[in-house]
Amino acid sequence: MRPILAVGLVLLAAACSEPAVEPPAPAEPATPAILGGVDLGQPLRALGTEPFWAVDITTDAIAYSAVDSEGVRVSNPGPTVQGTTAVYASAAEDGTALVVTLIATECSDGMSDRTYPLTARVELGGQTLNGCAASVAFLNSEPRP
């Protein structure tokens, strides 16, 4: 009878003990989003003419500037990528929405011979601006006409 009691106590102890916890698997590094051959994890610039404007996108901020208005700087929540489109949507402290849509379609700024890998649409408040976009590295490396 004692062996049965010993087996019962072992089973009871096993049932009451916490299950073994396996360490979590190492996280896979996030694959950077690529749109039209452009790494969206790198600094980007969208720009347009008539009126002249620019939007700089970094990992932590989206900054709009123009010759005829005050700039706007908002936090960068990262892009939402669907197919050939990436959308960055944020808002300033005063509630002004800033939405930058990048489309994997070549673009010309209409004033130079440069071809950009992305088309850009910027919505700031009630204003919509159209232009082109590329990585800052691309813009700094391309010869200007």
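Look up: the structure comes first, before these words.
Residues numbered from 1 in each chain as written. Predicted model: local features only at pLDDT ≥ 70, side-chain atom pairs only at ≥ 80, totals over all residues. Heavy atoms only, no water.

Caption draft 1: Quick peek at the nonpolar core. Of all hydrophobic cores here, the largest spans 25 residues; its most connected members are W53, V55, I62, Y64, Y88, V100 and L102. When residues of this core are traced back to their parent elements, those giving at least two are β3 (44-48), β4 (53-57), β5 (61-66), β6 (69-75), β8 (85-91), β9 (97-103), β12 (118-124) and β13 (127-135). With four residues, the single largest contributor to this core is β12. Non-local contacts of Y88, meaning those with residues more than four positions away in its chain, are made with L40, L44, I57, I62, N76, G78, P79, L98, V99, V100 and L102. (Core = buried A, V, L, I, M, F, W, Y, C linked by side-chain atoms within 4.5 Å. Buried < 20%, exposed > 50% of the residue type's maximum accessible area, 1.4 Å probe, protein only. Helix = DSSP H or I, 4+ residues; strand = E, 2+ residues; numbered from the N terminus. Contact = heavy atoms within 4.5 Å.)

Caption draft 2: A look at the pairing of β9. Summarising burial for β9: five of the seven residues are buried, a large majority. Between β8 and β9, which pair antiparallel in sequence order, lie five residues; one of them, G95, sits at a positive phi of approximately 95°. Bridge count between β9 and β12: six bridges; the pairing is antiparallel. Counterpart to I103 in the pairing with β12 is T119. (Pairing = 2+ DSSP bridges.)

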